[in-house]
Amino acid sequence: AVVYYISLKNAAAPIVRTITAQEMIKEYPQFNLDSCDVSELQYMRNFCNAMKVAMTVISPRLNKKLLIDICAKLEGSGRSYVTGGCQHLFTERRVMIYEQESGIKPIPRPSRRTANSEEAEERKKKYRRLNDQAFHQVNNFNQETNKSSDALNQEDNKVVDLSHQ
């Protein structure tokens, strides 16, 4: 906010060039008066100007959420913008501004491997077989342990019996 104030106050040599409403529509043709009302266009202009100033102080790489939060406070609408899969139109517009001003585009996630039903069934059978083998090994170990502990208990009983005689 201090940098924003200083850039506006120091008009002789501004840190960054702020844009007017006409320049906003020129730079962002998708934000015209048909798609959003005048007050929303003013908020987006404030957001864009704040974004330009904030990026002089904060690196835009890996700071998307921080920059959007800071600029949302400075734009004056009182909204908070949560990015992600179910983001609102207001948020989408702010993300477009961030991406255009920073030049950072999101890296697309690789497509997830989808297995057909035969591969999935084979994998299930393999894991069931492995689980059954592990279960039998543990069960056999427990049985052997129980046999040896029973034998030791019987020997202990014999020792006790001999001591009483």
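Only a predicted model underlies this, so the values are computations on that prediction, with no experimental measurement involved.

**Quick notes on the overall build of the protein chain**
Stage number 1. Secondary structure assignment for the protein chain yields 6 helices and 0 strands.
Stage number 2. Along the chain direction, N to C, the helices and strands of the protein chain fall in the order α-α-α-α-α-α.
Stage number 3. Across the 165 residues of the protein chain, 23% fall into the buried class.
Stage number 4. Across the protein chain, contacts joining residues at least 24 apart in sequence account for 55% of those joining residues at least 6 apart.
Stage number 5. As presented, the protein chain carries roughly 12300 Å² of accessible surface, and 55% of it is formed by carbon and sulfur atoms.

**A word on the pattern of salt bridges**
Stage number 1. On inspection of all chains with the given rule, the structure shows 5 salt bridges.
Stage number 2. Among the ionic pairs, R93 bridges to E40, the shortest N-O distance being 3.6 Å. Linking R93 in helix α5 (residues 89-102) with E40 in helix α3 (residues 38-57), this pair joins segments that are 53 residues apart in sequence.
Stage number 3. Given a relative accessible area of 7%, R93 falls into the buried group.

**Here we look at the packing of aromatic side chains**
Stage number 1. Inspection of every chain in the model, using the stated rule, returns 2 aromatic pairs.
Stage number 2. A centroid spacing of 5.5 Å and a plane angle of 25° characterise the contact between Y28 and F31, whose relative ring orientation is stacked. One exposure class covers both Y28 and F31, and it is buried.
Stage number 3. Between F47 and Y81 the ring centres are 6.4 Å apart and the planes differ by 80°, which places this aromatic pair in the edge-to-face class. Taken as a pair, F47 in helix α3 and Y81 in the loop between α4 (64-75) and α5 lie far apart in primary sequence, 34 residues in all.
Stage number 4. Relative accessible area serves as the criterion here: at 0%, F47 is assigned to the buried category.
Stage number 5. Under the relative-accessibility criterion, Y81 is labelled buried at 2%.
Stage number 6. When the ring centre of F90 is taken as origin, the NZ or CZ atom of R79, which lies over that ring, is 3.8 Å away.

**Side note on the packing of α4 against α5**
Stage number 1. Direction vectors running N to C along α4 and α5 enclose 115°, while the axes themselves pass 11 Å from each other. Relative to α5, the crossing made by α4 is right-handed. Between α4 and α5, the residues in contact are K64, L67, I68 and E75 and R94, V95 and Y98, respectively.
Stage number 2. Taken together, the residues of the contact of α4 with α5 break down into 4 nonpolar, no polar and 3 charged.

**Focus: the nonpolar core**
Stage number 1. Ranked by internal contacts, the top residues of the largest apolar core, which has 22 residues, are M24, F31, M44, M51, L67 and I97.
Stage number 2. Counting residues per element, the ones that place at least two in this core are α3, α4 and α5.
Stage number 3. Beyond its immediate sequence surroundings of up to four residues, M51 is in contact with L67, I68, C71, Y98 and E101.

Reading the values: the criteria
Residues numbered from 1 in each chain as written. Predicted model: local features only at pLDDT ≥ 70, side-chain atom pairs only at ≥ 80, totals over all residues. Heavy atoms only, no water. Helix = DSSP H or I, 4+ residues; strand = E, 2+ residues; numbered from the N terminus. Buried < 20%, exposed > 50% of the residue type's maximum accessible area, 1.4 Å probe, protein only. Contact = heavy atoms within 4.5 Å. Areas by Shrake-Rupley, 256 points an atom, 1.4 Å probe, with all protein chains shown as cover. Salt bridge = Lys/Arg side-chain N within 4 Å of Asp/Glu carboxyl O. Phe/Tyr/Trp six-rings, centres within 6.5 Å; stacked < 30°, edge-to-face > 60°. Lys NZ or Arg CZ within 6 Å of the ring centre and 35° of its normal. Axes fitted to C-alpha atoms, helices over the stretch in contact; angles between N-to-C directions. Left-handed = near helix turned anticlockwise from the far one by under 90°. Nonpolar A, V, L, I, M, F, W, Y, C, P; charged D, E, K, R; others polar. Core = buried A, V, L, I, M, F, W, Y, C linked by side-chain atoms within 4.5 Å.

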